[in-house]
Amino acid sequence: MTVEQWGVRVPVRRGEETRQALIGEGALDCTLKVLRDGTALVFPVLEERGGAGRFVFEEQPGRADLPRHELVGGIAILQENDPEGATRILASRPSLHTVLFPTSEVAGKYRTRTYAVLAGTDTTRTEVLEHGHRFAVDLAGAYFSARLSTERQRITAKIKKDELVLDMFAGVGPFAITLAPKSALVVAADLNPRAVILLIENMKKNRVVNVLPLLADARRLNAILPWTFDRIIMNLPLAGTEFLPAAFRLIRPGGTIHFYALVSKEGEHLGRISELGGIEVTERVVRSYSAGQWHAVYDIVAGRT
Ligand code: SAM
């Protein structure tokens, strides 16, 4: 059987690296076979993302009858409330301990959701391995998404030695901990106490000592912190431009802000960014969010304000 699905096309030499990255993000559609297309490979992915196109794939024998799911560490998250399918998924992979079904949307200021346990151990906690780092996560207690793991690598590659970095919405610390080895100091703030507790656990797990965890509202950071920063990560896409003025108060002239935002048209936030003092801006699609909306990242070089 063949089906049409989103696919990411890469040269054969980048095949293994891409496969690992997509598995790490929980984005690879394991029910379909990888496609050989001339000198390129096309990896089936669960949803639209930057650079993806539509391709026809063959179904993977034995996997096609599993319900659609996303993997986060040892947890599978189902798209349908299907207890029988959950039991089959649990049996299909020895690394899984729990199968969940979301019973709410991602909501509230902590950006969390509630889950029903369909199979396996009664927990929303697990550990995620991402590019050599290990993250303790609690899906019901604090936000975590593996889908930005490629972004974390992209930003790590941009960091120059001894940068002072601020992560304004740090969650359990995936950006802060990934960026720490190349930075002098990463200040990692979050409003959610559960996220900050997991962030501290993750610093210990990864033997990272140059992250400063802060339980704080991003609006108040410039009143608390005595520094300006070389680089700021802003990953609270639904907030739009609300926190950008706070970020511009905290960035040094010439420093870079990586601003993740939900957009429904190209260039949506460029006007506001330039008003606030962005002098060079690039905008890229990160992934689709819903019909007509997608997550974009704006890399902004700050001028003198
Ligand atoms: N950066 C993390 C990641 O990639 O997994 C978490 C991103 S999550 C989309 C946004 C985070 O911002 C949540 O952990 C939430 O608790 C936090 N948050 C929401 N409003 C905040 C505020 N006013 N100040 C600081 N953190 C806030």
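Residues numbered from 1 in each chain as written. Predicted model: local features only at pLDDT ≥ 70, side-chain atom pairs only at ≥ 80, totals over all residues. Heavy atoms only, no water.

**Considering the nonpolar core**
Soluble globular proteins: nonpolar side chains tend toward being buried together. Counting residues in each nonpolar core, the largest one holds 36 residues, and the members touching the most others are Val-72, Val-137, Leu-139, Phe-144, Val-211 and Tyr-260. For this core, the secondary-structure elements that each account for two or more residues are β6 (75-78), β10 (133-138), α4 (174-179), β12 (183-190) and α5 (193-205). The contacts of Leu-139, once residues within four sequence positions are left out, are Val-72, Ile-75, Ile-77, Leu-100, Arg-113, Tyr-115, Thr-124 and Phe-144. Counting 32 residues, the second largest nonpolar core, distinct from the first, contains Met-168, Leu-214, Ala-216 and Ala-239. (Core = buried A, V, L, I, M, F, W, Y, C linked by side-chain atoms within 4.5 Å. Buried < 20%, exposed > 50% of the residue type's maximum accessible area, 1.4 Å probe, protein only. Helix = DSSP H or I, 4+ residues; strand = E, 2+ residues; numbered from the N terminus. Contact = heavy atoms within 4.5 Å.)

**Brief notes about the sheet that holds strand β1 (residues 2-11)**
Strand pairs in the sheet, formed through backbone hydrogen bonds, run parallel or antiparallel to each other. Strand order in the open sheet formed by four strands is β2-β3-β1-β4, and the pairing between neighbours is antiparallel. Lying at the two open borders of the sheet, with one neighbouring strand each, are β2 (35-37) and β4 (53-58). Ignoring strand direction, the axes of neighbouring strands in this sheet form an average angle of 50°. Helix α1 (residues 15-25) contacts β1 and β3 (40-45) of the sheet and is inclined by roughly 5° relative to β3. (Pairing = 2+ DSSP bridges. Axes fitted to C-alpha atoms, helices over the stretch in contact; angles between N-to-C directions.)

**Focus: the environment of Thr-178**
Inspection of the secondary structure puts Thr-178 in helix α4. In this structure the C-alpha to C-alpha distance between Thr-178 and Ala-107, which are 71 residues apart in sequence, comes to 26 Å. Each residue touching Thr-178, except ones within four places of it in the same chain, is listed here: Glu-130, His-133, Phe-135, Arg-152, Gln-153, Thr-156 and Gly-173. Engagement of the side chain of Thr-178 in a polar contact is seen with the backbone oxygen of Pro-174, the distance being 2.5 Å. (Polar contact = N/O pair within 3.5 Å; in protein donor to acceptor, adjacent residues only side chain to side chain.)

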